[in-house]
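# Coordinate inspection notes
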Amino acid sequence: VTARVALDVASGALAIGQGREFRGVSDVPFVGTALRRAEFGGHDAVIVGVSGRAHYSGEATFIVEDGDPLANGLALPRGGRWPA
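What you are looking at is a predicted structure, and each value in this text was computed from that prediction instead of being measured.

### Some thoughts on the overall build of the protein chain
When you go through the protein chain residue by residue, the secondary structure sums to one helix and three strands. Going residue by residue from the N terminus, the α and β elements of the protein chain occur as α-β-β-β. Over its C-alpha atoms the protein chain spans a radius of gyration of 16 Å, topping by over 25% the 12 Å that the globule rule assigns to 84 residues. Oriented by its inertia axes, the alpha-carbon framework of the protein chain measures out at about 40 × 35 × 25 Å. Of all 84 residues assigned to the protein chain, the portion counted as buried reaches 12%. For the protein chain, long-range pairs separated by at least 24 residues make up 23% of all intrachain contacts whose partners lie at least 6 apart in sequence. Surface summary for the protein chain: the accessible area is close to 7200 Å², and the carbon and sulfur share equals 55%.

### Concerning the confidence of the model for the protein chain
On average, the protein chain scores 88 in pLDDT, and the residues at 70 or more come to 92%. The weakest mean pLDDT in the protein chain belongs to strand 1 (residues 19–23) at 94; the strongest belongs to strand 2 (residues 29–40) at 96.

### As for unusual backbone geometry
Positive phi, close to 65°, is recorded for Asp27, a residue that is not glycine. Summarising the element assignment, Asp27 is placed in the loop between strand 1 and strand 2. Residue classification places Asp27 among the partly exposed positions, given a relative accessible area of 47%.

### Description of the nonpolar core
Judged by nonpolar contacts, Val5, Val9, Leu14, Phe22, Ala34, Val46 and Val48 together constitute the single largest core of seven residues. Residue assignment for this core shows that the elements contributing at least two residues are helix 1 (2–11) and strand 3 (43–52). Those residues in contact with Val46, other than ones at most four positions away along the chain, are Ala6, Val9, Ile16, Ala34, Arg36 and Arg37.

### Here's the deal with helix 1
Note that an α-helix has 3.6 residues per turn; residues three or four places apart therefore point the same way. Within helix 1, the full set of buried residues consists of Val5, Asp8 and Val9. Take helix 1 and look down its axis: the buried residues cluster within an arc of 100°, on one side only. Across helix 1 from its buried face, at more than 90 degrees, point the exposed residues Leu7, Ala10 and Ser11. Close packing links the buried residues of helix 1 with strand 1, strand 2 and strand 3. Backbone geometry just after helix 1 places Gly12 at a positive phi near 90°.

Definitions and cut-offs
- Residues numbered from 1 in each chain as written.
- Predicted model: local features only at pLDDT ≥ 70, side-chain atom pairs only at ≥ 80, totals over all residues.
- Heavy atoms only, no water.
- Helix = DSSP H or I, 4+ residues; strand = E, 2+ residues; numbered from the N terminus.
- Rg over C-alpha atoms; globule rule 2.2 N^0.38 Å.
- Buried < 20%, exposed > 50% of the residue type's maximum accessible area, 1.4 Å probe, protein only.
- Contact = heavy atoms within 4.5 Å.
- Areas by Shrake-Rupley, 256 points an atom, 1.4 Å probe, with all protein chains shown as cover.
- pLDDT = per-residue confidence, 0-100.
- Core = buried A, V, L, I, M, F, W, Y, C linked by side-chain atoms within 4.5 Å.
- Arc of directions from axis to C-beta.

Written out as structure tokens, the structure reads:
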């Protein structure tokens, strides 16, 4: 929800103060609202508020192996396109 709202703001499909509804496989609605623009690590960012109702439904365990080059995550290219 937060990433989709941020992408919508970046593309001009949503303005700050606007929101949109999302529904997952449960068909329970969540609303993501673009609250304000920000800057994080030298990059443009959007602070997004999420409202809706959720319930705990499980847990996951992630294991990082020694030498994993993506152990701390990765940065996606601007514009959402991978190099050819």
